[in-house]
Amino acid sequence: MRCKIKSKKIFFVIMMIAVAVIVSVLWGIKERNFDNGFDQTSQTGQIFIYGEAHAVESILEKELQLWDTYYCQEGIRDLFIEYPYFDAQFLNIWMKSDNDDILEQVYENWEGSLGHSEVVKQFLKRIKEYYPETIFHGTDVGHTYQTTGEQYLEYLRSNGEVGSEEYKLAEEAIEQGKYYYEKQDDVYRENKMTENLIREFDNLDGASAMGIYGAAHTDIEAMEYTNTVPCMARQLNEHYGASVVIAEDLTKIDEPLEVSSITVSGKEYKASYFGSQDLSYVMEEYEYREFWRLENAYEDLKYNTITYDTLPCKDYPMKVEKGEVFVIDYVRADGSVERRYYRSDGNEWCGNPTTDGFEAD
């Protein structure tokens, strides 16, 4: 997956034609004093934001395909990522280096997070190999302020850049990280992610960009984040307008990966399988969970007693519609399996659609 390279001969011919056309157009403008009324200084680029589930290989493949299109066909070079400012700055230095030492150091500092995944590292390496002019923009709070943040400040100090804009932004990201982890304030983080992105996007002088963030930050249509403040994409949409901010969720699978059958309360149902999700990072006692949708089961099970175990619809790997039933297997670290049942009754929690657990024989 890389941009196609034209032969030198074809390239030369195209350039000669282009020069001739440009000269002709410029001469015509001079002769006619042509004015189309378009203010070049008012041009505003677009930002194409994609919501992901972190460290999922199939989603990273989709993102790489999208970046290939924007990079090769649209000429976009700026890629916004859910990392702190100083992480992205180190990645930009790595992009110009002849080895992976910087990447390995930054990657080591991600240990304990979903960023510390081999599929993420390979994703970044492929960007460097195939799209070497990529410029990363980190807009998250300073999660790695104790490691990467301090290392980046030391790098700037050693290069005589104390007091530079880069130094000030790195210090600012560090302070954001310290505050976030001291207060555990998700609303603060959401607002800072938005402010940081606006700053970076405005500095592009009208160029377009692509962004990759967790799906919780990218749903323009969702209710307010934590029921207190709109999520990042919604804030951006309100700030720039719908024509500038284009958001899409990549986490939802349209078609089942396979079809089997599952028996619930003595009746066998067609079961559509939609894959698994890693839980080891967020729930130590579990490794992963697997999702099935039971076809045409709602009428049979809609009166089963609910367990008050709710699961937000956004946590599913596929779209959830009212009147559907799901079976989810939670696989524990010891290999044992805990099967749970959910149905979509059209309820909400904190303004977000959710499914409700229910008892099954």
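Parameters and conventions
- Residues numbered from 1 in each chain as written.
- Predicted model: local features only at pLDDT ≥ 70, side-chain atom pairs only at ≥ 80, totals over all residues.
- Heavy atoms only, no water.
- Helix = DSSP H or I, 4+ residues; strand = E, 2+ residues; numbered from the N terminus.
- Buried < 20%, exposed > 50% of the residue type's maximum accessible area, 1.4 Å probe, protein only.
- Contact = heavy atoms within 4.5 Å.
- Areas by Shrake-Rupley, 256 points an atom, 1.4 Å probe, with all protein chains shown as cover.
- Pairing = 2+ DSSP bridges.
- Axes fitted to C-alpha atoms, helices over the stretch in contact; angles between N-to-C directions.
- Phe/Tyr/Trp six-rings, centres within 6.5 Å; stacked < 30°, edge-to-face > 60°.
- Salt bridge = Lys/Arg side-chain N within 4 Å of Asp/Glu carboxyl O.

Caption draft 1: Just the overall build of the protein, in detail. Assigned secondary structure in the protein consists of 10 helices and 13 strands. Scored against the burial criterion, the 361 residues of the protein give a buried share of 43%. Considering only contacts in the protein between residues 6 or more positions apart, those separated by 24 or more positions represent 68%. For the protein, the accessible area works out to roughly 19,900 Å², and carbon and sulfur atoms hold 49% of it.

Caption draft 2: Spatial organisation of the sheet that holds strand E2 (residues 78-84). The parallel open sheet is built from 5 strands, whose spatial order is E3-E2-E4-E1-E5. Two strands close off the open sheet at either side, each with one partner strand: strand E3 (135-140) and strand E5 (245-249). When the angles between neighbouring strand axes are averaged without regard to direction, this sheet yields 25 degrees. Examined bridge by bridge, E2 and strand E4 (residues 209-214) share 4 bridges and lie parallel to one another. Its bridge partner being in E4, Ile81 is matched across the sheet by Ile212. Sheet contacts for helix H8 (residues 186-202): strand E1 (47-52), E2, E3 and E4; angle to E3, the most-contacted strand, approximately 150 degrees. The strands touched by helix H9 (residues 232-240) are E1, E4 and E5; relative to E5, the strand with the most contacts, the crossing angle is about 155 degrees.

Caption draft 3: View of the pairing of E3. Taken across its 6 residues, E3 has 5 buried, putting it largely inside the fold. Bridge count for E2 against E3 is 5 bridges, and the pairing is parallel. Across the sheet, residue Ile81 finds its bridge partner in E3, namely Gly138.

Caption draft 4: Expanded view of the environment of Glu161. With respect to the helices and strands, Glu161 occurs in the loop between helix H6 (145-158) and helix H7 (165-183). When near neighbours in sequence (up to four residues on either side) are disregarded, Glu161 contacts Leu156, Glu166 and Tyr167.

Caption draft 5: Quick look at the packing of aromatic side chains. Following the criterion strictly, the structure yields 20 aromatic pairs and no others. Centre to centre, the rings of Tyr71 and Tyr131 are 5.1 Å apart; their planes meet at 65 degrees, and the pair counts as edge-to-face. Here Tyr71, found in helix H2 (residues 57-72), pairs with Tyr131, found in the loop between helix H5 (118-130) and E3; they are 60 residues apart in sequence, far enough to count as distant. The pair formed by Tyr71 and Tyr131 is uniform in burial state, with each residue classed as buried. On the numbers, 6.4 Å between centres and 75 degrees between planes, the contact of Tyr85 with Tyr152 is edge-to-face. Placement of the pair is Tyr85 in helix H3 (residues 85-95) and Tyr152 in helix H6, with a sequence separation of 67 residues. We note that Tyr85, like Tyr152, is buried.

Caption draft 6: Spotlight on H3. H3 sits mainly inside the fold: 10 of its 11 residues count as buried. Every buried residue of H3 is listed here: Tyr85, Phe86, Asp87, Ala88, Gln89, Phe90, Leu91, Asn92, Trp94 and Met95.

Caption draft 7: Fine view of the pattern of salt bridges. Applying the stated criterion across every chain, the model contains 23 salt bridges. With its nearest N and O atoms 2.9 Å apart, the salt bridge here joins Glu133 to Arg77. Taken together, the positions of Glu133 in the loop between H5 and E3 and Arg77 in the loop between H2 and E2 put the pair 56 residues apart, joining distant regions of the chain. Residue classification places Arg77 among the partly exposed residues on the basis of a relative accessible area of 23%. For Asp309, the salt bridge is made with Arg340, and the minimal N-O distance between the two is 3.6 Å. On the criterion of sequence distance, the pair formed by Asp309 in strand E9 (residues 306-312) and Arg340 in strand E11 (residues 337-343) is long-range, its members being 31 residues apart. Residue Asp309 is classed as partly exposed on the basis of its relative accessible area, which comes to 25%.

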